[in-house]
Amino acid sequence: MAKEEEEVPAILVLASPFGIDLKAQNPPKYRFLEAFSSNLPLLQFLQQQQTLPPSVRAIICNALKPVTADVIRSLPSLDLVVTASAGTDHIDLTECRRRRIQVVNIGGLFAADVADMAVALLIDVLFKISAGDRFARNWGLSKPLGFPFGSKLGGKRVGIIGLGRIGGEVAKRLEAFDCIIKYHSRNKNPSVSYTFYSNVVDLASNSDVLVLCCPLTEQTRHIINKEVMLALGKDGIIINVGRGALIDEKELVQCLVKGEIRGAGLDVFEDEPNVPKELFPLDNVVLSPHAAALTLDGFKDSCDYVTKSLDTFFSIKPQVSKTKLTCD
Ligand SMILES: O=CC(=O)O
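Keep in mind the model is a prediction, meaning the values are calculated, not measured. (Residues numbered from 1 in each chain as written. Predicted model: local features only at pLDDT ≥ 70, side-chain atom pairs only at ≥ 80, totals over all residues. Heavy atoms only, no water.)

Draft legend 1. Main features of helix 11 (residues 249-257). Turning to helix 11, its buried residues are Glu249, Leu252, Val253, Cys255 and Leu256. Burial along helix 11 is one-sided: seen end-on, the buried residues are contained in an arc of 165 degrees. Tucked into the core, helix 11 has its buried residues touching helix 10 (226-232), strand 10 (237-240), strand 11 (263-266) and strand 12 (285-287). Residue Gly259 follows helix 11 closely and has a positive phi angle near 70 degrees. (Buried < 20%, exposed > 50% of the residue type's maximum accessible area, 1.4 Å probe, protein only. Helix = DSSP H or I, 4+ residues; strand = E, 2+ residues; numbered from the N terminus. Arc of directions from axis to C-beta. Contact = heavy atoms within 4.5 Å.)

Now the structure itself:
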């Protein structure tokens, strides 16, 4: 390999089309190994590449592209992982820490969009918009009063789990709809007047709706279990814009099928891209393919963010960058 080529950092791109602006540069600043264009499992893809993997310095990924310990181990020169997501649960952070690999996420860039999606899902479940759309397409063929009533949003008691940037945006929006906001998070937030519950079951017992906005960690995995769902009760609704594994999904399916809770709006699932098939016939459930942060207008922002993260990292000496760049 020519010396100049060696000095151009190699970047493994797991999700399309990050790095577009960078690719157009002349002379090129980076060499891109585009795994997203292959159907092979990532490790197999890497094994098939002859030269580049040993020199890969950075990975660009998003929440749907896991960066496992095996992937990290197959890249001996890896210094940086940039994820176009707020969550970092898809990255083996233990292995990154061990190797002193910098992890950079997108912070609150999409907090407002994710909050908008949470509110949209809630309104859809309450007013049965998606179900009504399906019904209206055959309306003329149905019997009178064949479509069940929806429910108001104003006055609902909404329990937000995780009052960080996304949760805060959800609270702001739903306050404007005259909802009563309560929350659970690791710590009470002294700067808000919403009622704080240190216990999720208590929050569920005192809410009509639970909105999940917290990151997935070992502490929050299955934070919504059967006990919480039963405490929420038959009129309760769950909205999840966090991560699928925040809910015990098997129990959620059972509760929805048996009518032990009233409905759910889900943008995320435990085993994406697999969505439990039992949910498909249910009109009290609105499904979305982890799309809260996927807007055409937002995409340019995430490309810019990824570009800036690479440029910042590679323009700083690696030793310095490892201490100065922060994972938000
Ligand atoms: O899932 C999306 C994100 O983590 O930003």
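Draft legend 2. Geometry of the packing of helix 6 (residues 111-127) against helix 8 (residues 165-176). Look at helix 6 against helix 8: their axes get within 8 Å of each other, and the N-to-C directions meet at 50 degrees. Compared by their axis directions, helix 6 and helix 8 come out oblique. Helix 6 and helix 8 meet at a crossing whose hand is right-handed. Listed contacts from helix 8 to Ala111, Ala112, Val114, Ala115, Asp116, Ala118, Val119 and Leu122 of helix 6 are Arg165, Ile166, Glu169, Val170, Arg173 and Leu174. Looking at the contact of helix 6 with helix 8, its residues break down into 10 nonpolar, no polar and four charged. (Axes fitted to C-alpha atoms, helices over the stretch in contact; angles between N-to-C directions. Parallel < 35°, antiparallel > 145°, perpendicular 65-115°, else oblique. Left-handed = near helix turned anticlockwise from the far one by under 90°. Nonpolar A, V, L, I, M, F, W, Y, C, P; charged D, E, K, R; others polar.)

Draft legend 3. Looking closely at the sheet that holds strand 4 (residues 80-83). Spatial ordering of the open sheet is given by 2-1-3-4-5, a layout of five strands whose pairing is parallel. If you trace the sheet from one side to the other, it starts and ends with strand 2 (31-34) and strand 5 (102-104), each paired once. For this sheet the average axis-to-axis angle between neighbouring strands, irrespective of direction, equals 20 degrees. Alignment of strand 3 (residues 56-61) against strand 4, held across four bridges, turns out to be parallel. The residue bridging Ile59 from the neighbouring strand is Val81, located in strand 4. Most of the contacts of helix 12 (residues 296-315) go to strand 4, to which it runs at about 165 degrees, and overall it touches strand 1 (10-13), strand 3, strand 4 and strand 5. (Pairing = 2+ DSSP bridges.)

Draft legend 4. Local environment of the confidence of the model for the protein chain. Per-residue confidence for the protein chain gives a mean pLDDT of 90, with 91% of residues at or over 70. Confidence, expressed as mean pLDDT per element, reaches its minimum in the protein chain at helix 13 (residues 318-324) with 38 and its maximum at strand 9 (residues 209-212) with 99. Across residues 317-328 the pLDDT falls below 50, and counting only partners more than four positions away or on other chains, this stretch makes 21 contacts in the model. Scored as a whole, the predicted complex attains pTM 0.90, and scored at its interfaces, ipTM 0.96. (pLDDT = per-residue confidence, 0-100.)

Draft legend 5. Fine view of helix 8. For helix 8, built from 12 residues, the straight-helix expectation of 16 Å at 1.5 Å per residue is met to within 8% by its first-to-last C-alpha distance of 17 Å. If you check which residues of helix 8 are buried, you get Ile166, Gly167, Val170, Ala171, Arg173 and Leu174. Along its buried surface, helix 8 packs onto helix 6, strand 6 (157-161), strand 7 (180-184) and strand 9. One or two steps after helix 8, the chain reaches Asp178, where phi turns positive at roughly 65 degrees. (Expected span 1.5 Å × (residues − 1).)

Draft legend 6. Region of the structure containing the domain arrangement of the protein chain. Along its sequence, the protein chain is organised into domain 1 (3-85 + 297-316) and domain 2 (110-287). Averaged C-alpha coordinates put domain 1 and domain 2 at centres separated by 35 Å. (Domains from an automatic or database assignment.)

Draft legend 7. Structural detail: the site of the ligand. Close to the ligand lie Ala63, Ser85, Ala86, Gly87, Arg243 and His290. Within the side chain of Arg243, a nitrogen or oxygen atom sits 2.7 Å from an oxygen atom of the ligand. Contact between the ligand and His290: an oxygen atom at 2.5 Å from a side-chain N or O atom of the residue. Within the complex, 85% of the 190 Å² of free accessible area of the ligand lies under protein. A class-by-class count of the residues in the shell around the ligand yields two nonpolar, three polar and one charged. (Near = heavy atom within 4 Å. Polar contact = N/O pair within 3.5 Å; in protein donor to acceptor, adjacent residues only side chain to side chain. Areas by Shrake-Rupley, 256 points an atom, 1.4 Å probe, with all protein chains shown as cover.)

Draft legend 8. Main features of the packing of aromatic side chains. Per the counting criterion, the structure on display carries five aromatic pairs. For the ring pair Tyr183 and Phe196, a centre distance of 5.3 Å and an interplane angle of 50 degrees mean the geometry is tilted. Here the residue Tyr183 occupies a position in strand 7, and Phe196 occupies one in strand 8 (residues 195-196), the gap between them amounting to 13 residues. Look at Tyr183 and you get buried, because its relative accessible area is 0%. Here the aromatic residues Tyr30, Phe32, Phe313 and Phe314 are joined through ring pairs into a cluster of three or more. (Phe/Tyr/Trp six-rings, centres within 6.5 Å; stacked < 30°, edge-to-face > 60°.)

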